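The chain contents come next:
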Amino acid sequence: MKEGDILGHEFMGEVVEVGSAITSISRGDRVIVPFPIACGDCWYCQEGLWALCDNSNPNSWMLEKLYGDTGAGIFGYSHLYGGYAGGQAEYVRVPFADTGLEKVPAELGDEKVLFLTDILPTGYQAAENCNIRKGDTVAVWGCGPVGLLAMKCAWHLGAGKVFAIDRFPERLEMARINCKAETLNYEETDITEALHNMTGGRGPDSCIDAVGMEAQGTGFEAAYDTVKQTLHLENDRPIALRQLIKACRKGGTISVPGVYSGFVDKMPMGAIFAKGLTLRAGQTHVQKYLRPLMRLIETGEIDSSFLITHRMSLNDAPMGYELFDRKQDGCVKIVLRPQGTSQTVH
Ligand SMILES: [Zn+2]
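Residues numbered from 1 in each chain as written. Predicted model: local features only at pLDDT ≥ 70, side-chain atom pairs only at ≥ 80, totals over all residues. Heavy atoms only, no water.

## Details of the packing of helix H8 (residues 191–198) against helix H10 (residues 239–247)
The test is simple: Here the axes come from fitting lines to C-alpha atoms, over the contacting stretch only for helices, and the angles between their N-to-C directions go from 0 to 180 degrees. A run of H or I in DSSP becomes a helix once it reaches four residues, and a run of E becomes a strand once it reaches two; helices and strands are each numbered from the N terminus. With the far helix as reference, a near helix turned anticlockwise by less than a right angle produces a left-handed crossing, and one turned clockwise produces a right-handed crossing. Note on contacts: a residue pair is in contact if any heavy atoms of the two residues lie within 4.5 Å.
Across the interface, H8 lies against H10 with an axial gap of 9 Å and an inter-helix angle of 35°. Crossing of H8 against H10: the hand is right-handed. On H10, the residues that touch Ile191, Thr192, Leu195 and His196 of H8 are Gln243, Lys246 and Ala247.

## Brief notes about the packing of aromatic side chains
Our working rule: Classification of ring pairs rests on two measures: the distance between centres of Phe, Tyr or Trp rings, Trp counted by its six-membered ring, which must be within 6.5 Å, and the angle between planes, read as stacked under 30 degrees, edge-to-face over 60 and tilted in between. Each residue is placed in one exposure class: buried if its accessible area under a 1.4 Å probe, protein chains only, is under 20% of its type's maximum, exposed if it is over 50%, and partly exposed if it falls in between. Throughout this description, the term charge over a ring refers to an Arg CZ or Lys NZ atom that lies within 6 Å of the ring centre and within 35 degrees of the ring normal.
Evaluated as defined, the whole model comprises five aromatic pairs. Here Phe75 and Tyr84 contribute two aromatic rings whose centre-to-centre distance is 6.3 Å and whose plane-to-plane angle is 55°, an arrangement assigned as tilted. Accessibility assignment for this pair places Phe75 and Tyr84 in one class, buried. A network of ring pairs unites the aromatic residues Phe11, Phe75 and Tyr84 as a single cluster. Between the NZ or CZ atom of Lys180 and the centre of the ring of Trp155, over which it lies, the distance is 4.9 Å. Note that Lys327 overlies the ring of Phe324, its terminal NZ or CZ placed 5.0 Å from the centroid.

## Some remarks on the coordination of the zinc ion
The line we're drawing: Each metal site lists N, O and S donors within 2.8 Å (3.2 Å for Na, K and Ca). With water left out of the atoms, a site can look as if it is missing ligands. Angular criteria define each label, namely tetrahedral for four donors with all angles between 85 and 135 degrees, square planar for four and octahedral for six donors with opposite donors over 155 degrees apart and remaining angles between 65 and 115, and irregular for whatever fails these tests.
All of the protein donors around the zinc ion are Cys39 (SG), Cys42 (SG), Cys45 (SG) and Cys53 (SG); their distances to the metal are 2.3 to 2.4 Å. Coordination geometry of the zinc ion: the four donor atoms subtend angles of 103 to 117° at the metal centre, consistent with an arrangement described as tetrahedral. Counting residues between consecutive donors of the zinc ion along the chain gives the motif C-x2-C-x2-C-x7-C. Since its relative accessible area comes to 8%, Cys42 is described here as buried.

## Quick notes on the environment of Gln283
Which entries qualify depends on this criterion: Here a polar contact means two N or O atoms within 3.5 Å. Within protein one must be a hydrogen donor candidate and the other an acceptor candidate, and residues neighboring in sequence count only if both atoms are side-chain atoms.
Considering the arrangement of structural elements, one finds Gln283 in the loop between strand S11 (278–281) and helix H12 (286–298). Residue Gln283 is classed as partly exposed on the basis of its relative accessible area, which comes to 23%. Counting along the chain gives 37 residues from Gln283 to Lys246, while the straight-line C-alpha distance between them is 24 Å. Ignoring anything within four residues of it in the chain, the contact list for Gln283 reads Phe35, Ala51, Ile74, Tyr77 and Gln125. Within the structure, the side chain of Gln283 is placed 3.5 Å from the side chain of Tyr77, a separation counted as a polar contact.

## Topic: the state of the cysteines
For the record, the criterion: Working definition: a disulfide is two cysteine sulfur atoms within 2.5 Å of each other.
Evaluation of the coordinates by the stated rule reveals zero disulfides. No disulfide involves Cys179; its nearest neighbouring cysteine sulfur is the one of Cys143, lying 8.0 Å away. The class for Cys179 is buried, based on a relative accessible area of 1%. Here Cys207 stays unpaired: no disulfide links it, and the sulfur of Cys248, its closest cysteine neighbor, is 4.0 Å away. For Cys207, a relative accessible area of 0% gives the class buried.

## Concerning helix H6 (residues 145–156)
Note the cut-off: Between the first and last residue of a helix there are one fewer steps than residues, each counted as 1.5 Å, and that sum is the expected span.
Taking 1.5 Å of rise per residue, the 12 residues of H6 would be expected to cover 16 Å, and the 17 Å separating its terminal C-alpha atoms lies within 8% of that figure. Where H6 is concerned, the buried positions are Pro145, Val146, Gly147, Leu148, Leu149, Ala150, Met151, Cys153 and Ala154. Those residues of H6 that are buried lie in contact with helix H5 (119–128), strand S6 (137–141), strand S7 (161–166), helix H7 (169–179), strand S9 (206–209) and strand S13 (333–337). Just downstream of H6, Gly158 is the residue with a positive phi angle, here 115°.

Right, dumping it as structure tokens:
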């Protein structure tokens with residue numbers, strides 16, 4: 001990040017101006033904006049792998065050096081991903097608007113559709129990556145917004161049992177009440193043992209890591225990762241990921257919507273191999289899911305607005321960041337609105 005960068009990659013609003021090449025969107029349209037910026041023409045976009053677009057990240061050389069290839073540009077998401085100004089602002093410029101923007105039907109309120117920009121498709125892709133068969137057991141690490149929506153989508157795709165793992169009682173409560181999950185607090189329970197006991201000794205059919213690189217944990221492993229990260233000997237803390245790999249049943253699937261940035265230590269490759277696990281990960285191809293998920297919202301089959309715990313003016317965003325970071329006041333998701341407009345950003 002650089003000083004003056006504008007954050008925000010989940011936003012919607014009203015179109016105030018369009019470029020001369022834009023044909024599908026007009027001034028006055030109310031639209032949602034997917035977080036990955038995608039050209040629509042390259043091989044990856046044509047394959048529906050929008051978040052892997054080859055043409056939208058002007059700083060692709062940075063990622064090529066680090067990872068061997070680039071991902072799509074992302075709004076308000078660091079210079080590695082293009083340095084695009086994000087949506088926590090009164091106005092935002094949206095490149096490739098013909099392939100990215102989706103008009104919102106007038107009868108759907110902002111809060112019903114806002115999360116189509118990221119976390120609803122992300123939760124859906126996370127569940128879809130599990131290849132759920134009817135009646136499967138799915139365990140989700142992390143009861144933040146993505147984890148909770150992954151639980152809802154797992155049910156929608158046919159899961160027979162959903163487990164939720166976290167340490168914050170209010171989030172576990174949300175998982176239990178809103179997402180019909182059986183909950184486990186990792187500070188109080190041996191997760192692997194509990195999940196094995198609850199699945200006839202086998203472990204869940206699939207496990208979703210909705211935690212990512214900033215995992216908290218208990219015991220030696222958590223201390224190991226914190227020390228190594230502090231000494232810059234490891235980028236990310238894969239505590240949850242190791243636990244998932246250990247808990248998953250043989251032949252099961254690990255789905256990783258949680259973000260990882262670089263190198264992790266003590267990755268149990270032996271367990272992945274010995275247990276024949278499938279590992280799927282990556283940013284979400286939001287554009288691919290927009291229309292099908294919009295239909296599920298219209299019919300009332302999926303509603304993600306239960307996540308919103310706070311509503312604030314854009315001017316109060318710094319307070320919102322603090323609240324979210326410290327997990328105070330039961331904060332799960334904050335909706336920001338610029339004063340005096342109907343525009344909504346997250
Ligand atoms: Zn592309």
